[in-house]
Each structure stands twice: as structure tokens, then as C-alpha cells.
Amino acid sequence: MEPCIAVRETMPVQITVLRGTNLKGSKAESLLNVRVEFNTVVLGDSPKLEQSAEQGVEFNFTCRFDCSEGLNTLDDLAHKPVILTLVEILPKEKKQKEEKTITLGQAVVDLLPLLQGQHTFTTTVTLHPAPGSPTETSTAEGSKVNVLCPSQPILEVAVSVPDTLLSDAQLADSNLFRVSVETAYSVPEVWSTTGPQFSYMACLQVPVSLEKEQLLFFPSGVLKPGGEREPVPRPKKWTSGLILAPGAQYIPASFIEEGPAEGEDGELSGPEYREFRAEAESTKKRVSWDTERRFFMDPASQACLVKRVSDCRYWPVEFMRAPLATTTKGKAAKGDEDVQISFHGVAYVDMAPLLYPGVKRIRGAYHILPFNEIDLYTKTKRQGSILKEYLRQASQTGRGTAPTAIGSSQFRGAPGKISKDDKGPKDNAKKLSIQPLVQKPQGSDSVVEFETIAPPNPEGQMYAEAGSYIVIEVALDKPLVRKRPPEELTKRVAELIPPRPAIPRRTAGAEKAVKDFHGQVASVAGLVLEQYQELFGGALAQGELPLDPSAQEERKAKLLGELNYSGKYFAFKEQLKHSVVRIVREKLLKTTTFPSQEELQAFLSQLYIFLVDQMHISLNKTLSVDVPETETQPFTDCAQLKHFAREAEVNEDYELAAMYYQERLARDRSNPDHWFDYGAFCLLISDHAKAEDCFHHAVAIDQRHLHSLLLCGVLAEMRGCFADAETFFESGTCVEPSSVLAWTMLGLYSEAQGNEIRAEMAFLEAAKWMKAEAGEGSVTQAVGEPLPSEGKSTQLQEGATVSEEGVPVTEREERDVEVEAESVVSEAEQTAAVSQPEPAVLKPCENAPCHNNTIYMEAAKFLLQANALQFAQRALAQDLLSPEGGTSCSYYLALARLHLQRRDFDSADQNLQEALHVNQENPDVWALIGHLHYMRRDFHEARECYRRNLDFVTDASEMHPVYLRLGTIYLQEDQFEKAKLTFLRACKNSPSCLSWLGLGTACYRLGELTEAEDALAEANILNNRNPEVWGYLSLVCLQTGRQLEAEQSYKYAVKLKLKSEALLQEIHALQQHVGFGNPAF
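Residues numbered from 1 in each chain as written. Predicted model: local features only at pLDDT ≥ 70, side-chain atom pairs only at ≥ 80, totals over all residues. Heavy atoms only, no water.

You'll find the protein entered in an unreviewed UniProt entry as Cilia- and flagella-associated protein 70 isoform X1, with Huso huso given as the organism.

Have a look at this one:
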């Protein structure tokens, strides 16, 4: 056999049988010896020794074999054991010329430790009785699983080599490939455990190099009746067929461990197969192999394996049934037609998961299908049956179809292809029912000519009819694709974006000096009180202290005298001196000498006044009842600032939006969410450099900020820094291993890089976590994603669009409008700006409808919210191809949002019409259609869409832009009552400067000046830099005859550059009419 890896040099492997314990022959006077075999070669027989059950037998027999490239390769050491056979030599009887021997048992020694870096080891192995031996009945049940019992016969063996077979570098680069063929379930019912006996065989090929493949052959499958499940755990068997003792065929410390079907990698891992598999594995017939073949691989073999799996992910495993007595003697000269394969089936094992980073094992159940050469080529790009070729070669050499040695054979033909030179001259003449066929498999650029249509396979069809499947495990000692550990990713991210230490809050120098002085005053006051308590505490407790002024002055003089006499007065002055010096330097900024005495006296007077005032402040805090300090809160918090910024984005006022985002950062620069939101805004205005800087700031503050890590990866890919992008995406999956979004983003990136296997792994992981979340009853939503709702719920949140009677608000009578207007305005007057409700705009409404979500739609919604349109387009493309996605309403809606952000109105219109065709009652669709018409300046159509949107029981996910734009249209059409109602609802649901401005404008046009002024005042509180607010306030003040306020409001409107010419002309006209309001005349 060709070697699979080169040894450093020819290395002798020495095997020493040291001793045996509990060895018993059939007769006490018999002699015992041990025969040592490896790789079908007898290495030697030990001397014949007398048996001694009490003391044991000291063999001390040594033999050896050479491990080299040509013979006894490292692969042989990996999958072939050393076989020790104990032989009993019976005493000669009369007239007996030759000695009679009996094979008592066998033991096996696993040489795998030599391939794991050891150069010597000692092991104790159980001697398993051979069939028919005298000791067979004395075998304990535990011997089948290599469990040592005190009474079991055992052998002690030592194995050594002069030096390690592999150097440290070779050991680090090598790998061990294991294939375990376990059990085929639900086999055809025609198979019977009685009558003629058959051999059940399986085989597959493993690449050794680009030119050679290793054939792994698994015969000797055992047909078992149904009725009970296979035991778990159960030991795996050697592939060697030379082991006679049944118990010796099990590999030490190697067991089949079964887990839940949902965690498998095969074709029958879904819940829909759960019931079928439970029935098949307990009641139906099965064929059991439970055999493992180990294959040693060097770096070249591993690279070949990776390439072969990358080129074709499906590997065929062929099956057949053959009579045990069948031979092909005398038919070697004939061709392929003489090789009959009964029940020829094939299972296609998906090997691609072995290329997932960090994966070392795949195990699963795979359908057994009828063998068909056309299907074989379509799935695997292989031509011809490897099983048929192997049996044909075996028949030519006269070995038959049931070889005694199992495990491996070097396949002589080209990989996966039958050599034409081996065909007999009569191949094409003797084929029956054959027609010419030219077949071009899918995905193939070349036309592959099949000279024949494969003959029908009725026996193989029974596999499909019975639902047969086989469980196969493929494992490696080391993963083929290394997975970077979280520590390495964290270190790499820290190198790309160094973490920023948290900046401690420090009090400014002047402020700290004053606070230190307050503290020292409080300390001195406490000490003075203690001295007062010592002097007058007793009289005070008894109520004997007089309260007249003269008595108080006397006590004061006595207290000062005591302080001076004891020296405490001087100590108190020294205690205060340092804090006073700091106030002079830090607060009053005096660090130099005074040029004149007058300036010194003036400064001392100023200092004295300041110190006395601060002393009173400190004493009031110390001696009064504790009153909680009330700090002035800003009128708007960070959440409202974000709401205002998003509102400005919708109105395309990017300068105002940038101001709000920067104000958020000014309030708290250590919040990574503030940096992320500002970065997303910079992506909207195509300032990619600033956006990346913002995301880097967010990661520097918090190295585990998932959304910023993902956007750093997006921008790194846009810059062409693919290694950095991969680091960021992988780090996201380590930061939150259960994040659907993180795994989906990694899959989208890998797909774009052409790494389809890694993309598949990431998408499967994302789908697994989404399924787990759905099973737990919780759904993790991406940024801006609406939660699902069941039908048209009548239980609406605050700011609902339906009245308690179920009548839409737009259909209320006029009197109801007036009542609601009065109540909302009065509520606004009574509510301070600091208690404004948290804005709900531009966040999904919990009642918004949502169709079946997919991992790609989750990513698309997040990317659309973050304005990463290129990645969002990839996610939508994957969603379109996904079986769970496709042309759904959610898909068309997200695609329309994408086109709207790119200002491709025609494509957006087309997508929205498709979404409307799918679901006529989706409020988000109607809202987006309204926005599309509004952006096209088609206000009539926009108004109708917005009104229809408000008529739905369920709100759209973003109602604030709907209210603002519909109210604006009503103002333009002079429908002031409707405008007032619409802006009222906007103020109640998500108040902002623009919503209050719209309400104030509508009230002013209706002549409701008090309500208008209240609304405009609210707008001014939220944003005092809006010129229109000042303009309308000027109009109100002119109407109510307040000259000073009218002039002030007008000056601010002009100073802030009021752009509305119509409003300016109206203000000027009213100023001319009343005769005041413009300071210019």
C-alpha cells in the first residue's frame, strides 16, 4: 500500500510481551506461547512456557517490525492493531507425531500512542477467548467492552521506538481522520435473519493526494431484527478482519455516543423525522457495522481533503448485499457485466461542515438512495461505482466479493472514475436494455456523455420505499479550519481600536476649592459644637440655661476663652488656612503680590465677604434639617434629542440633525450608543470617514458594543481591508454568541468573499438561534423592527388611533375635536418639559404587523436603520432566495425603503405596489406610499394614503412622520380643524418642536390665540432656535397687543433667518396694521 505520510527514517517498532496473568489451558500439563502479528505478518512466537494460574507466565518475549514509507506506514499504525494470539500446546499422546495446538484467545494492542508523540508505553490488555476454546464460557460479560475483571486473563505489553515517529513540527501539522459506519435502519423488509446468510458491505473513498484516493471498505455488517434499540454507549470495532476472538475486535476506549437528533448534521435531523426515527430505531430491522476506520493525514493530505470538500461537498457511501458463499472463480477474464451488485444503494454525506471553523466532528443520519450513475455525477462529479470497480478487480484476482481483510485498499483508477483500459472487449456488446444518452448535469459547463442509461435498480429502489437511512460519523483530532479563540479576537480588536479608559469625573479646580472650604467649615463647626456641649451640655439638658442676650454673650465669651486657652482656636485657623489659600488661587485667581496697600485691602475685603457668604452656606447645610438638593434638569433628555434628530433626518434637515446628535455627545461622550447613532447619521449623508471614526469611538469606549463592531466591519470591507472586516465580524459572534444579527452579518460578509461554506455555517448558526428564541417565546428584534401582532388587536398603546367606542378619530364630530384640543393643551400647560414622555417615533410600534421573519430580514432592517445600504441589499437578496422568505410583503417593504433612501422613486413605487398586492391591510405599506407621494410633491395622493393609514386599527411602525406630513398638507389646504386634530395626536404620541409648531399654527389660523400661544411656547421650550416658532409668536403678540414681546419675537425670527417669505410678509402686514412690532420703524 502507498504511504500517506513520510516517516523521518525507517524506525523499528519493538513489541515486548512481558507477562500474562490468569492464563489457563485445557490441561494443566500443557504449554503456552504467544504469537505476535501486525499487518497480516507474523512477527514471531514466544518460547513455550508452562502455565501457572497463580503466579502468571513471564514471557519476556520481544519482536519488532520496521515502520517505513513503503511498508508498515504511519497509516497502518493508525488503523491496524498488534494482534496477540495465545496458543496452547497439548502434550503428545502415544503414536502422535506432531504437536496439537489450540488457540485459546486473542488480545489487541492499539499503536495510536506512537502517533501522538510517545516513544514508549506499557499497556495491559484483556485476552478474549477464541470461538470454541475451552475458556470461552468463562469470559465475563465486561470483556466485550475491554473492562478488566480480577479473574480475566490479561497480558502486559510494552511498545517502544528509539525516537518519536514524528517530530514536534510534524506532530503539530498532522491529523487523524476517523470514519465510523454505525447502523443502517429501516432496511428493506425482504431481508430476513433466517435462511441464506448475506454479507452487508459499505465503502467510500478518502483523498490521499490529488492523484490518489484511499478506499475505505466496511464489510461484515450484521442484520438484526427489530424490537429494541441499540445499546448506548457501545464500543466501536476494528476494521481488521484477522481477529478471531469476538471480544478482541473492539477498539479500546472508543465508543459510539448518541445525542439528540436536533444536534446532528445529517439529513434526518429535523423535528419532522423525530417520530419516524424513533419507530425505526426501536422496531424495524437494521444492519449494524459499528466499525471505525482511522486514517493518518499529513499536511498535504489535509490540504487535498480541504480542496476536495470545497470542490464537491457530497461524498458517496455505497452499500450492497452479497451472499456469504459467493465467489467469482473462473470469471476473472470477463468484464463488468459479470459483477452483479445486489441491493446497490448510496448515501450522500455532506462533508462541508468539516470546513466550518473549529468543527472537528460531524455525525448524522443520511438517506440511502438507489444507486444511479447520473445522480452520482450530478451530486459528486464522480463517474462510476467505486464498489463495482473494487469487486471487479477482486473478481479478476480471484478473491471473491467477501474479502476477509477489511478496512482499506488503494484504488488504482483515477479518483471517482473507472479506467477505460480495464474494460473487456465485450463490454458494450452484452449490455441489455441500453440506449444512448447525452446528459449535461446542472452546474456543469461541459457536456458529459453517458454511453448508456443505467439499468434499472429495483432492488435499490427498496431503500427509498422503506425509508432506509444510515448513521455515519466523521471526526478529526484537529479542525481543518482553525477558529480564532475569543481571546485572540479581543486582542486583535484592541490592536485595531485601542480601548479608551473611562475618564473619571473630576471636580473643576475652583469648584473643588470651594467644596473643600465647605468641608473644613463643617468640620470646625462640629468641633466647636463638641466644645460647647462639654461646657454647657449639662445645664442645657436640665433646661437651666437662660436665654436672655446678656447670658448668651457671657456663654460666648466663655467659649472663646476656653478655645483660646486650650489652643484649639489656633488649630482651627490652621485647619482653615489651606482651603482659604486654594480659594485665593483657584477661585479668585490671585497668585502674585499686590502693587499697593489699597489693592491689598480691597482684595481682603472682597475675600472676607466671599468667605463669610460661603461659611453661611456651609453652616446652613450642616446645622439645618437635611433637604435634598434639587439640580436643574435640562428640558430635553438624550432620548428626546435622538427623537428630534431622527425627525430632522426625515425632513432632510441634516444640519439640524447633526446639531442634535452633537448635543447628545456633548452631554455624555462616554455612551457608545450616542457615537453609534451619530455614525449611522454620517452614513446617511455619505460621510464614511466620520462614520467610521464614530464607530471606532464607540468600540474604544465599549469593546463589546455589538452594533458598532458590525458597522466597523462593514466600513472596513468598503475600504478593502478584508482582514480587519473579518476580525470585526468574528468578534461580534464572540461578543454575543446567541445573536442572530451577528451570525447573519458574518454570513453576508463570507458570501461576498466567496467563502460559501463559512457563509453557510454562519447562516445555520443564525437560524438555530432564531429558532431557539422563537421556541422560548421571545423574539430579539433588530433596530427598528416591529414585533409581530396577531390580527387587528383592539388593545392599542397610548396614542392609539381608535376611540374607546371603536370609531376612528378622524370621524369624530366637531365638538369632540374641540374637547380633545382643550384637554391636550391644558395637559401640556400643566406638564413640565422635564417630564415629556419618551419619544416613540421612529421606533417600531408593538402592534405593527409583521410577517414571518427570517435571519436575512433581521439583518436588512438593522442595516436600513444604520444606513448601510450596500449590506442591506445583500441581505434582501439572500431573503429573496431563502425558502422562508421570498416575495413577501416584508421583503417588498424593506426593498422600497432601500430605494427611497437612494431616491429611486420609480423602483420604490414598483416595490410598494407589489407589497400592496400581497397585503392590502398593512399600514406600513400605506404609510410608505404616502411618503413616496409626499417626496414627489403629490400632496393630494399623499393625503389620501395617510388618511387611509390612520383608519387602520393597528398603527404603522412609524406614525410620527405620518402625523407631521398629513397635518402639513391640511395646513396647506386650509383645513385647519383637521390639521389641529392631526397635530394634537402627534403631540400626544411623540411631542416635538414641529408637532407643537403645527398645532400652534392651526390654532392661530382658527383664531384660538391662547391655545396657539401655549402650543408655540411648548415648541419654543423644545427648540428655541426655530425661526418659524418665533415668527408665529410674533403674530400672536401682535394680535394681543403686546408690543415688547412682539418686537422681541420678531427680532429672534429675523436673527435666526426665517426663510418663509409668506410668513414674513404676513408679519410685516400685521405690523403695519397695528403700528408696532418692528423696531426698524
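1. Considerations on the side chain of asparagine 867
Threshold: Each helix is a run of H or I in the DSSP string that is no shorter than four residues. Each strand is a run of E no shorter than two, and both are numbered from the N terminus. Burial classes follow relative accessibility: with a 1.4 Å probe on protein chains only, a residue under 20% of its type's maximum area counts as buried, one over 50% as exposed, and anything between as partly exposed.
With respect to the secondary-structure elements, asparagine 867 resides in the loop between helix H23 (855–865) and helix H24 (869–881). On the basis of relative accessible area, asparagine 867 is assigned to the buried category, the value being 10%.

2. As for the UniProt feature "repeat: TPR" (unreviewed entry) in the protein
The test is simple: UniProt positions are given in the numbering used here, feature names are shortened, and annotations may be inferred rather than shown by experiment.
Listed under "repeat: TPR" (unreviewed entry) in the UniProt record, and renumbered for this structure, are residues 889–922, 923–956 and 960–993. Taken end to end, residues 889–922 has its terminal C-alpha atoms 8 Å apart, with 79% of it in helix and 0% in strand. Here residues 923–956 runs as 76% helix and 0% strand, with 5 Å between its end C-alpha atoms.

3. Describing the nonpolar core
Short version of the rule: In this text, buried Ala, Val, Leu, Ile, Met, Phe, Trp, Tyr and Cys residues form a nonpolar core when linked through side-chain atoms within 4.5 Å. By definition, residues are in contact when any of their heavy atoms lie within 4.5 Å.
Core analysis: the biggest nonpolar cluster contains 177 residues, and Phe177, Trp289 and Met745 have the highest contact counts within it. With nine residues, the top contributor of residues to this core is helix H25 (residues 889–901). Aside from chain neighbours lying at most four places away, what touches phenylalanine 177 is Val206, Arg293, Arg294, Phe295, Met297, Leu305, Met351, Leu354, Val474, Ala475 and Leu476. Formed by 40 residues, the second largest nonpolar core is a distinct cluster that contains Val57, Phe65, Leu74 and Val109.

4. As for unusual backbone geometry
For the bond running from valine 232 to proline 233, omega is -5°, close enough to zero to count as cis. Note on placement: proline 233 falls in the loop between strand S13 (213–224) and strand S14 (234–237). Within the chain, threonine 40 stands out as a residue other than glycine whose phi angle is a positive 65°. Here threonine 40 shows up in the loop between strand S2 (31–38) and strand S3 (41–45).

5. Topic: the sheet that holds strand S8 (residues 120–126)
Under the convention used in this document: Each pair of strands is called paired provided DSSP finds at least two bridges between the two strands. Fitted lines through C-alpha atoms give the axes, limited to the stretch in contact for helices. The angle between two N-to-C directions lies from 0 to 180 degrees.
What the four strands build is an open sheet, ordered S5-S1-S10-S8; its pairing is antiparallel. A strand with exactly one partner marks an edge of an open sheet, and here the two such strands are strand S5 (57–67) and S8. Direction aside, the axes of adjacent strands within the sheet are offset by 20° on average. For S8 and strand S10 (residues 154–160), the ladder comprises seven bridges, and the chain directions are antiparallel. Looking at the pairing, threonine 124 lines up with glutamate 156 of S10.

6. A closer look at the side chain of aspartate 724
Its location among the elements puts aspartate 724 in helix H19 (residues 722–735). Given the relative accessible area of 17%, aspartate 724 is considered buried. Setting aside residues no more than four positions away along its own chain, aspartate 724 makes contact with Arg492, Leu496 and Ala716.

7. Structural notes on H19
Selection criterion: Residue count minus one, scaled by 1.5 Å, sets the expected span of a helix.
If you check H19, its first and last C-alpha atoms are 20 Å apart, about what 14 residues at 1.5 Å a residue would give, namely 20 Å. In terms of residue burial, H19 counts as a mostly covered element, since ten of its 14 residues are buried. By the burial criterion, the buried members of H19 are Asp724, Ala725, Thr727, Phe728, Phe729, Glu730, Ser731, Gly732, Thr733 and Val735.

8. What about the packing of aromatic side chains?
Cut-off, in case you're wondering: Geometry of aromatic contacts follows a simple scheme: Phe, Tyr and Trp rings, the Trp one being its six-membered ring, pair when their centres are within 6.5 Å, and the pair is stacked under 30 degrees between planes, edge-to-face over 60, tilted otherwise. The criterion for a charge sitting over a ring is simple: Lys NZ or Arg CZ within 6 Å of the ring centre, and within 35 degrees of the ring normal.
In the structure shown here, the tally under the stated rule is 23 aromatic pairs. Their ring planes at 35° and their centres at 5.8 Å tell us that phenylalanine 729 and phenylalanine 871 sit as a pair that is tilted. In this pair, phenylalanine 729 is assigned in helix H19 and phenylalanine 871 in helix H24, connecting sequence segments 142 residues apart. The structure contains a cluster of three or more aromatic residues connected by ring pairs, namely Trp191, Tyr200, Phe343 and Tyr463. Between the NZ or CZ atom of arginine 313 and the centre of the ring of tyrosine 314, over which it lies, the distance is 5.8 Å. Against the face of phenylalanine 871 rests arginine 874, its NZ or CZ located 4.3 Å from the ring centre.

9. A short note on the pattern of salt bridges
Where we set the bar: By salt bridge we mean one thing: a side-chain nitrogen of Lys or Arg within 4 Å of a carboxyl oxygen of Asp or Glu.
Taken as a whole, this structure holds 52 salt bridges when the rule is applied. In this structure, aspartate 66 engages arginine 64 in a salt bridge whose closest nitrogen and oxygen atoms are separated by 2.8 Å. The exposure class of aspartate 66 is partly exposed, given its relative accessible area of 35%. Here aspartate 724 ties to arginine 492 by a salt bridge, and the two come within 3.1 Å at their closest N and O atoms. Residue aspartate 724 is located in helix H19, and its partner arginine 492 is located in helix H9 (residues 486–496); the two are separated by 232 residues in the primary sequence. Residue arginine 492 is classed as partly exposed on the basis of its relative accessible area of 29%. In the salt-bridge network here, residues are joined through shared partners; they are Arg178, Lys236, Glu292, Arg361, Glu473 and Asp477.

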